[in-house]
Amino acid sequence: HGQGVVKDEQEAVDWFRKAVEQGNAHAEYNLGVCYDMGQGVVKNEKEAVKWYRKAAQAGVADAQNNLGLCYDNGQGVVKNEKEAVKWYREAAEQGSADAQFNLGNCFALGQGVAKDEVEAYKWYLIAGARGNVNARNGMDCLEKELAPGDRRAGQNRAKEWEAQFDRNVYGGGKRP
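Residues numbered from 1 in each chain as written. Predicted model: local features only at pLDDT ≥ 70, side-chain atom pairs only at ≥ 80, totals over all residues. Heavy atoms only, no water.

Q: I tried to follow the overall build of the protein chain on my own but got confused; where do I start?
A: When helices and strands are counted, the protein chain shows nine helices and zero strands. Mapped in sequence order, the helices and strands of the protein chain form the string α-α-α-α-α-α-α-α-α. In terms of principal-axis extent, the alpha carbons of the protein chain reach across some 55 × 40 × 25 Å. Approximately 9700 Å² of the protein chain is accessible, and the part contributed by carbon and sulfur atoms is 47%. (Helix = DSSP H or I, 4+ residues; strand = E, 2+ residues; numbered from the N terminus. Areas by Shrake-Rupley, 256 points an atom, 1.4 Å probe, with all protein chains shown as cover.)

This is the structure in structure tokens:
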């Protein structure tokens, strides 16, 4: 990023590779981003998928979301909406607001899963509460279509998910 040093994308890639050799999954993700964006290396979508997959399998939520995007868009892999949902869900369950938004889109459109507007509304609510700026648009669209009871059901599902997430992450305590 050029913070404290001259920006050098190729040098960054060299350091990411060194970190990968030491088993750093976040460096695998960063290397995937480099290949995805063509930063410091020649853009190569298949190589990006390779590194996203390694990091995703190690539990890196951003890599899981990006791998989902690759499957969703057929970028570096054959388009597979069900596989996209799988990876979005993995990242969403870890608290990734972007993945929660993407999962909401899948439920809203019935892509890779059965269409379920209440479930979509739940994920948009969660994503919005976690800072995804696009979630508001999804919520606004569904609020116009959903009956009041369905909106309440989505809100209840979101509250239940948040409570379970807090129990899993904070051992029953509240978020700091």
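Q: I would appreciate a short explanation of the pattern of salt bridges in the present structure.
A: Side chains that carry opposite charge are capable of pairing whenever their charged atoms lie near each other. Under the defined criterion, the tally for this structure stands at ten salt bridges. For E81, the salt bridge goes to K79, with nearest N and O atoms at 3.9 Å. Residue classification places E81 among the partly exposed positions, given a relative accessible area of 26%. The exposure class assigned to K79 is partly exposed, which follows from its relative accessible area of 46%. Here E119 and K122 are joined by a salt bridge, their closest N and O atoms 3.0 Å apart. Taken as a pair, E119 and K122 lie in helix α7 (residues 117-129) at a separation of three residues, close to a single helical turn. Per residue, the accessibility class of E119 equals that of K122, and both read buried. Connected through salt bridges with shared partners, the residues D116, E119, K122 and R157 form a single ionic network. (Salt bridge = Lys/Arg side-chain N within 4 Å of Asp/Glu carboxyl O. Buried < 20%, exposed > 50% of the residue type's maximum accessible area, 1.4 Å probe, protein only.)

Q: Help me understand the packing of α7 against helix α9 (residues 148-170), please; the structure alone is not making it clear to me.
A: Helix packing for two helices is described by the angle between their axes and how far apart those axes are. The N-to-C vectors of α7 and α9 enclose an angle of 50 degrees; their axes lie 8 Å apart at closest approach. As summarised for this structure, α7 and α9 are arranged oblique, according to the angle between their axes. As for how α7 packs across α9, the hand of that crossing is right-handed. Between α7, through V118, E119, Y121, K122, W123, L125 and I126, and α9, the contact on the second element is made entirely by D150, R151, A153, G154, Q155, R157, A158, W161 and E162. Residue composition of the contact of α7 with α9, by class: eight nonpolar, two polar and six charged. (Axes fitted to C-alpha atoms, helices over the stretch in contact; angles between N-to-C directions. Parallel < 35°, antiparallel > 145°, perpendicular 65-115°, else oblique. Left-handed = near helix turned anticlockwise from the far one by under 90°. Contact = heavy atoms within 4.5 Å. Nonpolar A, V, L, I, M, F, W, Y, C, P; charged D, E, K, R; others polar.)

Q: So what exactly am I meant to see when it comes to the nonpolar core here?
A: For soluble globular proteins, the rule of thumb is that nonpolar side chains tend to be buried together. One finds Y29, Y52, L67, L103, W123 and Y124 to be the most contacted residues of the largest nonpolar core, which totals 50 residues. For Y29, the contacting residues outside a window of four places in its chain are W51, Y52, A55, V60, D62, A63 and N66. (Core = buried A, V, L, I, M, F, W, Y, C linked by side-chain atoms within 4.5 Å.)

Q: For this particular structure, what's the right way to read the environment of N73?
A: With respect to the helices and strands, the residue N73 is situated in helix α4 (residues 61-73). The exposed category is assigned to N73, whose relative accessible area is 53%. Note: C-alpha distance between N73 and A84 (eleven residues apart in sequence) is 8.9 Å.

Q: Please explain helix α2 (residues 25-37) as it appears in this structure.
A: Residue pairs three or four apart in sequence face the same way in an α-helix, which turns once every 3.6 residues. Between its first and last C-alpha, α2 extends 19 Å over 13 residues, near the 18 Å set by a 1.5 Å rise per residue. With respect to burial, α2 is a largely interior element, ten of its 13 residues being buried. Looking at α2, one finds that the buried residues are A25, A27, E28, Y29, L31, G32, V33, C34, Y35 and D36. Where α2 is buried, its residues touch α1 (9-21), α3 (45-57) and α4. The opening residue of α2 is N24, an N-cap whose side-chain oxygen sits 2.9 Å from the backbone nitrogen of H26. Looking one or two residues beyond α2, the residue adopting positive phi is G38, at roughly 70 degrees. (Expected span 1.5 Å × (residues − 1). Polar contact = N/O pair within 3.5 Å; in protein donor to acceptor, adjacent residues only side chain to side chain.)

Q: Looking at this structure, I do not really get α7. What am I missing?
A: Helix length check: α7, at 13 residues, gives a terminal C-alpha distance of 18 Å against a target of 18 Å (1.5 Å per residue), a fit within 8%. The complete set of buried residues in α7 reads V118, E119, A120, Y121, K122, W123, Y124, I126 and A127. Elements in contact with the buried residues of α7: α5 (81-93), α6 (97-109), α8 (135-145) and α9. A side-chain oxygen of the first residue of α7 lies 3.2 Å from the backbone nitrogen of V118; this N-cap is D116. One or two residues past the end of α7 sits G131, with phi positive at roughly 105 degrees.

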